[in-house]
Amino acid sequence: MKETSSFRLQLGFCYYGRMQKYHVNIIGAGLAGSEAALQLAARGIKVTLIESRPLFTDGVHETGLCAELVCSNSLKSESLSSAAGMLKRELDVLGSFLYQTARETRVPAGGALAVDRYAFAHAVTDQVTAAPSINLVCGEALSVHADGSISLRVDKNGREEKTPKADAVIVATGPLTSDSFADFITGVTGQDNLSFFDAAAPIVMADSLDTNILFRQSRYEEGQGDYLNAPFTKEEYEQFITALLSAKRVVRRDFETKELFQACQPIEEIARAGVDAPRFGPLKPVGLVDLRTHKRPWAALQLRAENREGTCYNLVGFQTNLTFPEQRRVFQMIPGLEQAEFARYGVMHRNTFMDAPQLLASDLSFKTERWQGVPLFAVGQITGTEGYCEAIRSGLHAAFGVVSRLRNLTPPPLSRQMAFGSLWLWASDPTTEDYQPMHVNFGIIEPLAERVKNKRARYDAYAQRGGKALDDYCHMLSKVGLLTDAYSDTCVAQSASASQDDVNLHTEASTDLDLYDQAPKASSHQGVVR
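Residues numbered from 1 in each chain as written. Predicted model: local features only at pLDDT ≥ 70, side-chain atom pairs only at ≥ 80, totals over all residues. Heavy atoms only, no water.

Turning next to the overall build of the protein. A count of helical and extended segments in the protein gives 17 helices and 19 strands. In the protein, the share of contacts with a sequence separation of at least 24, taken over all contacts with a separation of at least 6, comes to 72%. For the protein, the accessible surface area stands at approximately 21,100 Å², while carbon and sulfur atoms represent 49% of it. (Helix = DSSP H or I, 4+ residues; strand = E, 2+ residues; numbered from the N terminus. Contact = heavy atoms within 4.5 Å. Areas by Shrake-Rupley, 256 points an atom, 1.4 Å probe, with all protein chains shown as cover.)

Take a look at the structure:
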C-alpha cells in the first residue's frame, strides 16, 4: 500500500513521541520552510511556522498558501542521468513530503516534472494545517531573540506580538525578505554579508570548450595563467555585438529595474553605450597575447575557474539580462564557446541572499560569533542556492541538522558525489569566492576517478556513483537515528532500484537546461524560491 503524507506524520509520533518537549520556530512557509516543518513534525517536534502572506504582500505572490510557486511550474528534469534527476532521487528516497506532493499534482511536461501550481500549494497547505504539531501563524517576522522567540508585526497598524520561545530557529524568508528582517540578518551577519541583487554571469562546462581556440593566460603575465581567454577578431566581435544588441531580454518587474541596473550593468547595456564599449570593459584585450597569432586580439573574454578541479568556468563580467535561450544562442558565438554547455545561465533580479561560504556550516546553521542565541539555521534561496528542488532538499537537510542538535547526535557528512552534497559543500566552503546563487549541476560534483569522454556515459557514471553514495548516506542516517528503521529500509531499497534503472530511464532525456526551456512557464521572471 502506498504510504500517504498524513500517515507518515502520524507515524512520526509513534517513533519520536519522546521529542514532543522540543519546539522550533520557522520563518517562511515557502518550499524550504514547509518541507522543514513537515519533516520536524514527522519526528514529533512542535513547530510554529510563520508566514507573512496574505496579510503582507510582496508584489510577487498571489495567495497566502504555503509553497506557492510564482515563476515556472517546472521542477526540471526527472532523468536520473542529470543533476536535477539525481536531486529528485535524493528527495524521493529520503522521504520528502513536497516531492511526493509534486508527483501527485503533476501535469504533462515531457521529461520534466511540472505541477499544477495551485493544486500543489493547496495540497502542501493542507498537510501543514492538518499536522497536529504545526501551528501556522500569519505575521511579518521582525527579529529573532536569543531564546528563540520571534517578534512579529501582526497587522498593518504596526501592532507587534512575540511568539513563544523555541529550541531552534530556521530562517526560510526567501529572496524577497522584508526590509525589517533583512536588517536583523545584517545585524547578525555583518554589513557586507547580505546581498540584495542577484547579478550572476553564466557558467560553462570546461569539457565543452574548444581549447584549440581558447588560450590560458593572465593579463601582463608570461606562460600559463589562471584564466582561459576567448580571442575575437574584429569581424567576430562586431557580429557578436550586433547579435547581443538585438537579443531578447527578460522583462523586469517595476520594483527591480532602477536599483538593479544601478547595482550592476549587464553586458548588453554596456554595449548600448557604443559598439566599442565592451572592448574597454569586460572584453578588453590589454595585457593578452593570442598564442596562435602572437598578437593582441581585437577583443577577448576571460573565463575564470569556478572550482578547484576546473570543471566549470565563469564568463567574467558577463552579467546579463538576456533570456536563457538567447544567452545560449548569442554566447555560443564567442570563439571557443561554439559548443558550450551551460552549468548556469546568467541572471539579474532582486534576490536577498547570504554570503553562505562565510556564514553557514555544512548543516545549514549559522557559524557567526555575532549570534549567541539558540541554534539558528537558514534554508532555501536566502542561502544563495537556487531551484525549487534545491530549496526543498535544503529544508529536509536542515531538519536533520535541527534534530541532531536537539538530540546531541552527530549527523553523517554530505558527499560531493551526491547532487545536494556537491552543491552545499561548494556553497559552504570558506574558500569559495565571489559567491553567487547556484543550482545543482555536474560542474560542481566530484569529478570521476577516470575521465569518461562520452557525455551520456559520463552522466550515467555520475548517477550510478551518486546512487551508491546516497545508499551509504541512508545507512549512516539510520545508524545515528535520523531515519527510522521503517523509513531507512524503504530508502535503501528505492536507492538500489533507482541505480539499477538509471540507463533505461534516461534514454530519451535531454540536458537539464534543455528540459527547463521546454517545460511550461508562467512568467519571464526567474528565481523566486523559498
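Turning next to the pairing of strand 1 (residues 23–27). Extensive coverage of strand 1 is indicated by the burial of 5 of its 5 residues. Covered by surrounding structure in strand 1 are H23, N25 and I27 together with V24 and I26, the residues of both alternating faces. Relative to strand 2 (residues 46–51), strand 1 is paired through 5 bridges, and the arrangement is parallel. Bridge pairing in strand 2 places N25 opposite T48. Crossover handedness for the path strand 1 to helix 2 (residues 31–42) to strand 2: right-handed. (Buried < 20%, exposed > 50% of the residue type's maximum accessible area, 1.4 Å probe, protein only. Pairing = 2+ DSSP bridges. Right-handed = clockwise from strand over helix to strand, strands pointing away.)

It is worth spelling out the packing of helix 4 (residues 97–104) against helix 5 (residues 117–130) at this point. It is the contact of helix 4 with helix 5, at a shortest axis distance of 9 Å, that shows an interaxial angle of 140°. The pairing of helix 4 with helix 5 is recorded here as oblique in orientation. By crossing handedness, the relation of helix 4 to helix 5 is classed as right-handed. On helix 5, the residues that touch F97, L98, T101 and A102 of helix 4 are F120, A123, V124 and Q127. Grouping the constituent residues of the contact of helix 4 with helix 5 by class yields 6 nonpolar, 2 polar and no charged. (Axes fitted to C-alpha atoms, helices over the stretch in contact; angles between N-to-C directions. Parallel < 35°, antiparallel > 145°, perpendicular 65-115°, else oblique. Left-handed = near helix turned anticlockwise from the far one by under 90°. Nonpolar A, V, L, I, M, F, W, Y, C, P; charged D, E, K, R; others polar.)

As a further point, take the packing of aromatic side chains. Under the definition given, this model contains 13 aromatic pairs. Here F184 and W371 contribute two aromatic rings whose centre-to-centre distance is 6.1 Å and whose plane-to-plane angle is 85°, an arrangement assigned as edge-to-face. Of this pair, F184 sits in helix 6 (residues 179–189) while W371 sits in the loop between helix 11 (356–359) and strand 19 (376–378), and the two are 187 residues apart along the sequence. Of the two residues, F184 and W371, both sit in the buried class. Measuring from centroid to centroid gives 4.8 Å for F442 and Y462, while their planes differ by 15°, and the two rings are stacked. Placement of the pair is F442 in the loop between helix 13 (419–427) and helix 14 (455–480) and Y462 in helix 14, with a sequence separation of 20 residues. An identical accessibility class is assigned to F442 and Y462; each is buried. Aromatic rings pair up to connect F232, Y237, F240, F318 and F331 into one cluster. (Phe/Tyr/Trp six-rings, centres within 6.5 Å; stacked < 30°, edge-to-face > 60°.)

Moving on, we come to the side chain of Q302. Turning to its location among the elements, Q302 is positioned in strand 15 (residues 299–305). Residue classification places Q302 among the buried positions, given a relative accessible area of 8%. A polar side-chain atom of Q302 sits 2.9 Å from a polar atom in the side chain of N229. When sequence neighbours within four positions are dropped, the list of residues in contact with Q302 reads Q217, R219, Y227, L228, N229, L288, N314, L315 and V316. (Polar contact = N/O pair within 3.5 Å; in protein donor to acceptor, adjacent residues only side chain to side chain.)

Right, let's talk about helix 3 (residues 83–93) for a bit. Counting buried positions over the 11 residues of helix 3 gives 10, a clear majority of the element. All buried positions along helix 3 are accounted for by A83, A84, G85, M86, L87, K88, R89, E90, L91 and V93.

Formed by 106 residues in total, the largest nonpolar core has its most connected members in L40 and I170. No other element matches the 11 residues that helix 12 (residues 388–407) contributes to this core. Here I170 is in contact with V24, N25, I26, I27, A36, L40, F377, V379, A398 and V402, once residues within four sequence places are set aside. In this structure, L244, F324, F331 and Y345 belong to the second largest nonpolar core, which totals 33 residues. (Core = buried A, V, L, I, M, F, W, Y, C linked by side-chain atoms within 4.5 Å.)

Now for the confidence of the model for the protein. Within the protein, residue pLDDT values average 84, and 81% of them lie at 70 or more. Note on residues 10–18: pLDDT under 50 across the span, and 23 contacts to partners over four residues away in sequence or across chains. Taken together, the stretch residues 499–528 has pLDDT below 50 and engages in 79 contacts with residues farther than four places along the chain or on a different chain. (pLDDT = per-residue confidence, 0-100.)

Okay, the sheet that holds strand 2 next. As summarised here, the arrangement of the 5 strands in space is 6-2-1-10-19, forming an open sheet in which the pairing is parallel. Bordering the open sheet on either side are strand 6 (134–138) and strand 19, each of which pairs with just one other strand. When strand polarity is set aside, the average angle formed by the axes of neighbouring strands in this sheet is 20°. Pairing of strand 2 with strand 6 involves 5 bridges; the strand directions are parallel. Its bridge partner being in strand 6, L49 is matched across the sheet by L136.

With antiparallel pairing, the 3 strands of this open sheet are ordered in space as 7-8-9. In the strand order of this sheet, the two ends are held by strand 7 (140–144) and strand 9 (160–162), each with one partner. Across the sheet, the mean angle from the axis of one strand to that of its neighbour is 30°, orientation sign disregarded. Pairing of strand 7 with strand 8 (residues 150–153) involves 4 bridges; the strand directions are antiparallel. Residue pairing across strands places A141 opposite L152, the latter belonging to strand 8. Against the sheet, helix 6 makes contact with strand 7 and strand 8, and its axis sits at roughly 15° relative to strand 7, the strand it touches most.

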